[in-house]
Amino acid sequence: MTPDPVPVTSEAEWLDALARIRRGPLDVAEGSRVVIVAAHPDDETLALGGFLQQLSARAVRLAIVVATDGEAAFPALSAAERARLADTRRRELHAALRAHGLGTAPVTWLALPDSRLDEHERRLTRALRPLLAGADASVVPWPGDPHPDHRAAGRAASAAAPWGGRVWSYPVWMWHWMRPDAAVIPWRRAAVQRLSGEQRARKSAGLAEFVSQTGPGPAGNGPVLPPRVLAHFERDVEVLFEERR
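Sequence order as written defines the numbering, with residues in each chain counted from 1. Residues qualify for local features only when their pLDDT is at least 70, as the model is predicted, and side-chain atom pairs are given and counted only at 80 or more; totals for whole chains, interfaces and linings, by contrast, use all residues. Note that water and hydrogens are dropped before the side-chain values are worked out from all heavy atoms of the structure.

Caption draft 1: Examining a positive patch on the surface more closely. To count toward a patch, a residue needs a relative accessible area above 30% and no salt bridge. Like charges then connect within 9 Å, nonpolar side chains (Val, Leu, Ile, Met, Phe, Trp, Tyr) within 5 Å. Under the convention used here, a 1.4 Å probe and the Shrake-Rupley method define accessible areas, while residue burial counts only the protein chains that appear. The salt bridge criterion pairs a side-chain nitrogen of Lys or Arg with a carboxyl oxygen of Asp or Glu, the two atoms within 4 Å. Within this scheme the basic residues Lys and Arg register as positive and the acidic residues Asp and Glu register as negative, but His and the chain ends are omitted. A single reference atom marks each charge: NZ on Lys, CZ on Arg, CG on Asp, CD on Glu. Together, Arg122, Arg123, Arg126 and Arg129 give the surface a local cluster of positive charge. Relative accessibility under 20% of the residue-type maximum defines a buried residue, over 50% an exposed one, and the middle range a partly exposed one, all with a 1.4 Å probe and only protein chains included. Judged by relative accessible area, which is 54%, Arg126 ranks as exposed.

Structure (structure tokens):
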């Protein structure tokens, strides 16, 4: 994740659009192999914390691939500070998975440059291809997301996903930097996953593990994920877009 460059769209502005989604939940067969691709550590928890729990409850064989370590969340950091932040964010993600009851889910770290995935899209596609091979479904960043890392990761993962496997995408920065009436949002392909009270509580616990993002920045600046941003991910639904049947 990176700090907000523009004002955030309020959660209240999304409520009508969310209420109009009629499709869902996603049908994932028991025992399926599903691979989740994230651009940064915390994207999977923000957008899919409840869905990950639902997959686990269906005995889905779940794997997670993270393209970057999120070391550029605070661009002014020195190289040594970025390395420490990368280590911190890896630990935070594993702690979040434990909070979701997914501590045994395998995580593959590709360690590509944060905030520069568009420069390494071909390399990312090549790295993802064997990791997605044989997956019944791939869940990837929405290729239309405003964040360039998410767009690149979404394109790369969609290209790498095996033919015959389903592909679903998830928005993250859309909720902050876009408005519900934006023409590029594929509402007709949207499906909602409704979260139980227990799933919401576990998701909140997972999000709380990302202290490097929800707490003050290293120079005393504001957090990457202040309350007005987290509000988009504390709702009782998660949204995915169908990219490929």
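Don't stop here, the text continues.
Caption draft 2: Quick peek at the pairing of strand E2 (residues 61-68). Burial analysis of E2 places seven of its eight residues in the buried class, the great majority of the element. Here strand E1 (residues 33-38) pairs with E2 via six bridges, running parallel. Paired with Val34 across the bridge in E2 is Leu62. Here, the term right-handed applies to a crossover whose path from the first strand over the helix to the second runs clockwise when the strands point away from the viewer. Starting at the N terminus, helices and strands are each numbered in turn, a helix being any DSSP run of H or I of at least four residues and a strand any DSSP run of E of at least two. In the classification by handedness, the crossover that spans E1, the intervening helix H2 (residues 43-57) and the parallel E2 is right-handed. Across four bridges, E2 lies against strand E3 (residues 107-112) in parallel orientation. Its bridge partner being in E3, Val66 is matched across the sheet by Trp109. Between the parallel elements E2 and E3, the chain passes through helix H3 (residues 79-99) in a crossover that is right-handed. At least two bridges found by DSSP between two strands are what make those strands a pair.

Caption draft 3: Structural view of H3. Expected helix span is computed as 1.5 Å times (number of residues minus one). Relative to the 30 Å expected for 21 residues at 1.5 Å per residue, H3 spans 30 Å between its end C-alpha atoms, a close match to the ideal helical length. Within the sequence span of H3, burial applies to Leu85, Ala86, Arg89, Glu92, Leu93, Ala95, Ala96, Leu97 and Ala99. The contact rule is simple, with two residues in contact once any of their heavy atoms fall within 4.5 Å. On its buried face, H3 is in contact with H2, E2, E3, helix H7 (197-208) and helix H8 (211-214).

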